[in-house]
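Chains, contacts and geometry: an overview
This is what each chain is made of:
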Amino acid sequence: MSTLAVIQQLIAASAEVPVESLDPSRPLEELNVDSLTVLEAMMDIEEKFKIRMPEERVPIRTVQDISDLVDRLVAEQSGGPK
Amino acid sequence: MSPVGNDCGTFFDNLLAGRSGIRKLSANFAGRLTANVGGEVDYDPAGRFPRPKLALLDRFSQFALEAATQAIRDASIEFDESLKECAGVFVGTGLGGATTIEAGYEEIFLGGKDRVPPHTVPRTMNNAAAGHISIDHGLRGPSLTYSTACSSSSIAIGEACRAIRHGYTDAAIAGGAESLLTLGTIRAWEALRTLAVTDTGDPAASCRPFSKDRTGLVLAEGAGMLVLESLDHALRRGARIHAEVIGYGAASDASHLTRPGEEGQVRTIRLALADAGAAPDEIDYINAHGTATLAGDAIETAAIKKVFGERAAHIPVSSTKSMHGHLMGATGAVEFIASILTIGHRAVPPTANLRVPDPECDLDYVPNIGREGVAVRTVMSNSFAFGGSNAVLIARAFDR
C-alpha cells in the first residue's frame, strides 16, 4: 500500500470520515478533519512509519502534504546514523 | 450521572430506598489501596459520541455533556437564536480532567515516553466541560468554570442564578462534573487521612455520616446539571417548573484551609436565608454537606443548631453522601437536585448507615429509612469546602 493510502486510512479512522472522501489535494478543514484530529493521527502515523516528526512546525494543509513529509522523513530517518 | 443512577428517577428512587452505590473500586489498582471503595458511575461512552469528539472528552466532560443533555430534554427548552445569544454555562469542578493528566504523567514518568497525546491539554483543562456544553448547544453567553473544591457546583448554580436575577441572561445551564477516581488522586486523599476505612463486611456501608462510628468520606464521580431560567421566561414558555431557586449564600471561613469552621457555616446559611427572604422555620428539609468526617459532621450539626435553634430538631436533615459518596466538584449540584426532587416526591431520602448515635450529632438525620408523605416546600442544600469556600442554596416549590 502506498504511503498516501496508509495515511488516508489512519486519518479516516481518527476523523471518522470515509476514506474516499479524503481528497489528497484539498485542505483538510474542507474535509471535516480538524487540526486536533490531525495531531492525533500524526501520532499513529509516526508509529506506523517508525519516524519522528520534526520539532519545528511544518506547514501541512492537505493529505498530500502529510504524505510528502512522511516520505521525506522515512528517507532521512531510516538507515541514517542515529 | 451518579453512582446511584444516571437519570433523576433512578437516582431518587435509590436514595429514597437507602440503596448505596458505593462499591469496591473496579480499577486494577484497587488492590494497592487501603481505602479501596468509591462511588463509580456505571457508564460507557462508546457509541455515545463520534470518535473525533470522544478523543477530546475526558470522563468529567462526558458526564457533563450527558447531564446537560438530560437537563435540557427534561426542561423541554428550545434555545432560539436570541436565547442562544445570551444563555450561559456555569460549571463547577474540582480537578477537571484528572484522569487524562494522570495518564499523561504515567506515560512520561513511568513509560519513559517523551511526549503525551496532543489532546492532553484540551481534555484536562478545568473549563473543558463548560466549553463542550456551550459548543454542543450553541450557547454563546458566558461560559464559566468555578473551582472551589467541594462547593464548586453549588457556587456555579448560585452564580448562574445571580446572572439571571441581574438580567445578564434569561437562561443558563448550571451544575458540576467530576471524575477523579485515579490512583494518584485517591492516594492524595488517603494521605490527608480523610477517607473512610473500608467496611470489609459491607463495603457499600463504608460512608457513615453522623454515625459515631464514621471514619471519613468516600470519593465518587459524576455530574449534575440544571436548566435555570428567569421566572418570566419560564412562565412565558409554559415550562414545567421543578422549583424556584430563592436563596444563595456564599461566604468564607477565613480561618483554616481544611478544617471546617462553624462560624463561617452559620454565616453562609444566614446569608442564604436572608437572600431567600425566608425565616428559619420555613425550611422543611436540609441536604447536609455531611461528608462523614469526624470533625465535619459535628461542626455542621452545631452550625445548623445555631441558626435554627429549637426548630433544628424538627427539620429532617440527611446526608445522601452516605449512598452516592462525595462527588467533589459535582457534589453540590447532585445534592441540590436530590433536595429539589424531595418537593415533587413528597419524600425525603435517609442518611444511610447511621448505626451508632453520636451525642455531638443529635438532629433528625432520617436514619436509614427514607420518609414518604412529607410535605416539603422549601429545601436547603449545604456545601462547605476546603479553602473555607462555603455555599448554601435554597429552593422552594413554585405555585402558579
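Refer to the structure presented above.
Okay, so let's go over this structure.

With respect to the pattern of salt bridges
Enumeration according to the criterion identifies 29 salt bridges over all chains in this entry. Here glutamate 221 of chain B and arginine 59 of chain B are joined by a salt bridge, their closest N and O atoms 2.8 Å apart. Pair noted here: glutamate 221 of chain B is in the loop between helix H9 (183-191) and strand E6 (222-229) and arginine 59 of chain B is in helix H3 (residues 59-75), with a separation of 162 residues, a long-range link. Via salt bridges that share partners, Glu46 and Arg52 of chain A together with Asp114 and Arg115 of chain B belong to a single interconnected network.

A look at the environment of arginine 208 of chain B
All names here are of chain B. Note that arginine 208 resides in the loop between H9 and E6. The class of arginine 208 is buried, set by a relative accessible area of 7%. Other than its neighbours up to four places away in sequence, arginine 208 contacts Asp199, Asp213, Arg214, Thr215, Ala292, Asn353 and Arg355.

A few points about the packing of helix H1 (residues 3-15) of chain A against helix H3 (residues 63-77) of chain A
All names here are of chain A. Interaxial distance between H1 and H3 falls to 9 Å at its minimum, and their mutual angle equals 125°. Considering the angle they form, H1 stands oblique to H3. Here H1 and H3 pass one another in a crossing that is right-handed. Contact with H1, carried on its side by Thr3, Leu4, Ile7, Gln8 and Ile11, involves Val63, Gln64, Ile66, Ser67, Val70 and Asp71 of H3 and no other residues of that element. Here the contact of H1 with H3 is composed, by residue class, of six nonpolar, four polar and one charged.

A few points about the sheet that holds strand E13 (residues 389-396) of chain B
Residue and element names in this part refer to chain B. With mixed pairing, the five strands of this open sheet are ordered in space as E7-E13-E12-E8-E9. At either end of the open sheet lies a strand with only one pairing partner, and these are strand E7 (244-252) and strand E9 (317-318). Against the sheet, helix H12 (residues 294-308) engages strand E8 (285-287), E9 and strand E12 (378-384), with an angle of about 140° to E12.

Concerning the sheet that holds strand E5 (residues 171-178) of chain B
Residues and elements named next belong to chain B. The strand order E4-E3-E5-E6 describes an open sheet built from four strands, whose pairing is mixed. Whereas interior strands pair on both sides, the edge strands pair on one side only; in this sheet they are strand E4 (143-146) and E6. In this sheet, adjacent strand axes meet at a mean angle of 15° when their direction is disregarded. Direction of pairing for strand E3 (residues 88-92) relative to E5: parallel, over a ladder of five bridges.

As for the nonpolar core
All names here are of chain B. Counting residues in each nonpolar core, the largest one holds 44 residues, and the members touching the most others are Phe11, Phe90, Ile157, Leu226, Leu228, Phe336 and Val376. Secondary-structure elements contributing two or more residues to this core are helix H1 (8-16), helix H8 (152-165), E5, E6, helix H14 (331-345), strand E10 (347-348) and E13. Looking at which element gives the most residues to this core, the answer is H14, with eight residues. Once you skip the residues sitting within four places of it in the chain, isoleucine 157 turns out to touch Ala174, Gly175, Leu226, Leu228, Ala333, Phe336 and Leu393. Counting 31 residues, the second largest nonpolar core, distinct from the first, contains Phe49, Ala64, Ala223 and Val227.

Calculation criteria
- Residues numbered from 1 in each chain as written.
- Chains lettered and ligands numbered in written order.
- Predicted model: local features only at pLDDT ≥ 70, side-chain atom pairs only at ≥ 80, totals over all residues.
- Heavy atoms only, no water.
- Salt bridge = Lys/Arg side-chain N within 4 Å of Asp/Glu carboxyl O.
- Helix = DSSP H or I, 4+ residues; strand = E, 2+ residues; numbered from the N terminus.
- Buried < 20%, exposed > 50% of the residue type's maximum accessible area, 1.4 Å probe, protein only.
- Contact = heavy atoms within 4.5 Å.
- Axes fitted to C-alpha atoms, helices over the stretch in contact; angles between N-to-C directions.
- Parallel < 35°, antiparallel > 145°, perpendicular 65-115°, else oblique.
- Left-handed = near helix turned anticlockwise from the far one by under 90°.
- Nonpolar A, V, L, I, M, F, W, Y, C, P; charged D, E, K, R; others polar.
- Pairing = 2+ DSSP bridges.
- Core = buried A, V, L, I, M, F, W, Y, C linked by side-chain atoms within 4.5 Å.

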